Amino acid sequence: MFSYVARQAIYNVEKRVFAYELLFRDGDSNCFPDMSPDEATSSMIANSHLTVGIEDITFKKPAFINFHKDTLLYRFPSTLDPLSVVIEIVETVEVNDELVQACKHIRDLGYQLALDDYDFAPRWDVFLPFIDFIKVEVEEIDKQGAAAIAKIQILNARGIKIIAEKVETHEQFERFKAMGVKLFQGYFLARPEMIRHRDLNASLNSVTKLVSLSSSPNFDTKEVIKVIEKDVGLAYKLMRFINNPMINKRQKIESLQHAINYMGHVEIKKFIALLALANMRGEKPTELLIQSLVRARFCSLMSIELELPENPPTSFLLGLFSMLDALLDQTMENLVGKLPVGQELRDALCKKNIDSTMGLQMRACFAFEEANWDEVDYVALQFELTGERLYTLYYEAMHWAQNMNGSIS
């Protein structure tokens, strides 16, 4: 049996990743016979974590996992590490004494518990003595108004951390933070946080120059070195990156010229852009950079799998630049106009022509991030691959990204 795993970040007030929620599916039918997807979660995670490893998927951060009543009562996978997971009690469970006692027992085993999709109803009060986290949608908080704010303060006083779900904008993030919410889940970090214009800084200028050079039929490494030499931080990160054992296992790189000669033109085109983007991140959360790296590697691996001639470097740039709007607080349409890239790449970055090869690659990225398994299967079908094969590539991309981030951060 094969299962897919998607992860959705949970952020703290500093916009750093606190944990990930993991979402699973059966690779064949999306559930087990006579079991809902929620109920099947425990069996899938019990199988998956023994071969994949939860800590590998979450980069050693806590994993929030949904559990249904039947799983909590009878099939709880006690092999899960209490230090690595948070057990989410889904909102569809029937609250009764048996379930309460089961959850108390799980808490006594050392696990942290969370209530999912909390609606402030009194029926959940019986769980509060042994609950660590409560997840509530921002629309529910707004609907409850002053009563919700008062309840949040009470829960905070009890040491229960509130996680605001479906936070879509920076304004929402700031507003709920002011209410006392400590953790957040949603897409607000993947979009511009405010309407403003940021001029091209030196790092993005370097990106533009380097991409322009790499797009030239006559790739001039001397000109590349001139660009990098003007940015000490970028040069340092390039050297540190290429000395990573994952990239270079045989010898030390002693100079920029040596680095470029060692890596070769195709790889250096990709990695220089990667490093420049990392240098450009500034105060933005590390997760944005990691997600860009995951997308870059995933798109590149898909191109290799599809045997697209000369495409992997372009697909790498597609994934790498796919979060430029969030990094620079500008629209993607405005940004691609400043990059010397081809029309198909421009369209894919702007989510146009979504059924092109690059458009489908971006759709695959979004599908895994959003746990949209039907979309994963659709893209796999268009590429004449299996969903399982796409997930294998995505999982490889996640590990590559984490290793690369350690080299350039």
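Just so we're clear, the structure is a prediction, and the values are computed from it rather than from any experiment.

Draft legend 1. Summary view of the pairing of strand β6 (residues 133-137). Burial runs high along β6: 4 of the 5 residues are buried. Pairing analysis gives 2 bridges linking strand β5 (residues 112-115) to β6, with the strands arranged parallel. Paired with Ala114 across the two strands is Phe133, which belongs to β6. Here 5 bridges tie β6 to strand β7 (residues 161-165), and the two strands are oriented parallel to one another. Each bridged residue has a counterpart across the sheet, and for Ile134 the counterpart in β7 is Ile162.

Draft legend 2. Structural view of the packing of aromatic side chains. Within this structure, the stated rule accounts for 13 aromatic pairs. Considering the side-chain rings of Phe64 and Phe133, the 5.1 Å spacing of their centres and the 70° angle between planes classify their relative orientation as edge-to-face. Of this pair, Phe64 sits in strand β3 (residues 63-67) while Phe133 sits in strand β6, and the two are 69 residues apart along the sequence. For the pair formed by Phe64 and Phe133, the shared burial category is buried. Members of the aromatic cluster, joined through ring pairs, are Phe298, Phe368, Trp373, Tyr391, Tyr394 and Tyr395. Sitting over the face of the ring of Tyr20, Arg7 holds its NZ or CZ atom 4.5 Å from the ring centroid. In this structure, Lys351 packs its charged tip against the face of Phe366, placed 5.0 Å from the ring centre.

Draft legend 3. Fine view of unusual backbone geometry. Located in the positive-phi region is Glu307, a residue other than glycine, with phi close to 55°. Within the secondary structure, Glu307 sits in the loop between α13 (286-305) and α14 (312-320). Overall, Glu307 belongs to the exposed group, its relative accessible area being 69%. Of note in the backbone geometry, Glu384 takes a positive phi value of approximately 60° without being a glycine. Tracing the backbone shows Glu384 in the loop between α19 (373-382) and α20 (387-408).

Draft legend 4. Representation of the packing of helix α18 (residues 357-369) against α19. Two elements in contact, α18 and α19, have axes whose closest approach is 8 Å; the angle formed by their N-to-C orientations is 155°. Considered as vectors, α18 and α19 are oriented roughly antiparallel to each other. Considering only the axes of α18 and α19, their crossing is left-handed. For the pair α18 and α19, the contacting residues are Leu360, Arg363, Ala364, Ala367 and Phe368 in the first and Trp373, Glu375, Val376, Tyr378, Val379 and Gln382 in the second. Per-class residue counts for the contact of α18 with α19 are 8 nonpolar, 1 polar and 2 charged.

Draft legend 5. Local environment of the nonpolar core. If you look at the biggest cluster of nonpolar residues, it comprises 103 residues, and the most contacted ones within it are Leu22, Ile87, Leu115, Phe127, Ile134, Phe298 and Leu390. Among the elements that make up this core, the one with the highest residue count is α20 (10 residues). Residues from two domains meet in this core; each of domain 1 (2-198) and domain 3 (285-408) gives at least three. Leave out the neighbours within four places in its chain, and Ile87 touches Ile65, Phe67, Leu72, Phe76, Ile106, Tyr111, Gln112, Leu113 and Ala114. Among the nonpolar cores identified, the runner-up in size contains 10 residues, and Leu213, Ile225, Ile228 and Met263 belong to it.

Draft legend 6. Just the pattern of salt bridges, in detail. Throughout the structure, instances matching the rule amount to 17 salt bridges. Note that Asp125 is salt-bridged to Lys151, the shortest N-O span being 3.8 Å. Highlighted residues: Asp125 in the loop between β5 and β6 and Lys151 in helix α6 (residues 146-157), separated in sequence by 26 residues. A residue is classified by how much of its surface remains accessible, and Asp125, at 33% relative accessible area, is partly exposed. Asp142 is paired through a salt bridge with Arg175; the nearest N and O atoms lie 2.9 Å apart. Of the two residues, Asp142 sits in helix α5 (residues 138-144) while Arg175 sits in helix α7 (residues 170-178), which places them 33 residues apart along the sequence. Exposure remark for Arg175: the relative accessible area of 30% places this residue in the partly exposed category. Via salt bridges that share partners, Glu21, Glu88, Lys135 and Glu165 belong to a single interconnected network.

Criteria and cut-off values
- Residues numbered from 1 in each chain as written.
- Predicted model: local features only at pLDDT ≥ 70, side-chain atom pairs only at ≥ 80, totals over all residues.
- Heavy atoms only, no water.
- Buried < 20%, exposed > 50% of the residue type's maximum accessible area, 1.4 Å probe, protein only.
- Helix = DSSP H or I, 4+ residues; strand = E, 2+ residues; numbered from the N terminus.
- Pairing = 2+ DSSP bridges.
- Phe/Tyr/Trp six-rings, centres within 6.5 Å; stacked < 30°, edge-to-face > 60°.
- Lys NZ or Arg CZ within 6 Å of the ring centre and 35° of its normal.
- Axes fitted to C-alpha atoms, helices over the stretch in contact; angles between N-to-C directions.
- Parallel < 35°, antiparallel > 145°, perpendicular 65-115°, else oblique.
- Left-handed = near helix turned anticlockwise from the far one by under 90°.
- Contact = heavy atoms within 4.5 Å.
- Nonpolar A, V, L, I, M, F, W, Y, C, P; charged D, E, K, R; others polar.
- Core = buried A, V, L, I, M, F, W, Y, C linked by side-chain atoms within 4.5 Å.
- Domains from an automatic or database assignment.
- Salt bridge = Lys/Arg side-chain N within 4 Å of Asp/Glu carboxyl O.

Limitation: the analysis is restricted to geometry and does not speak to function.
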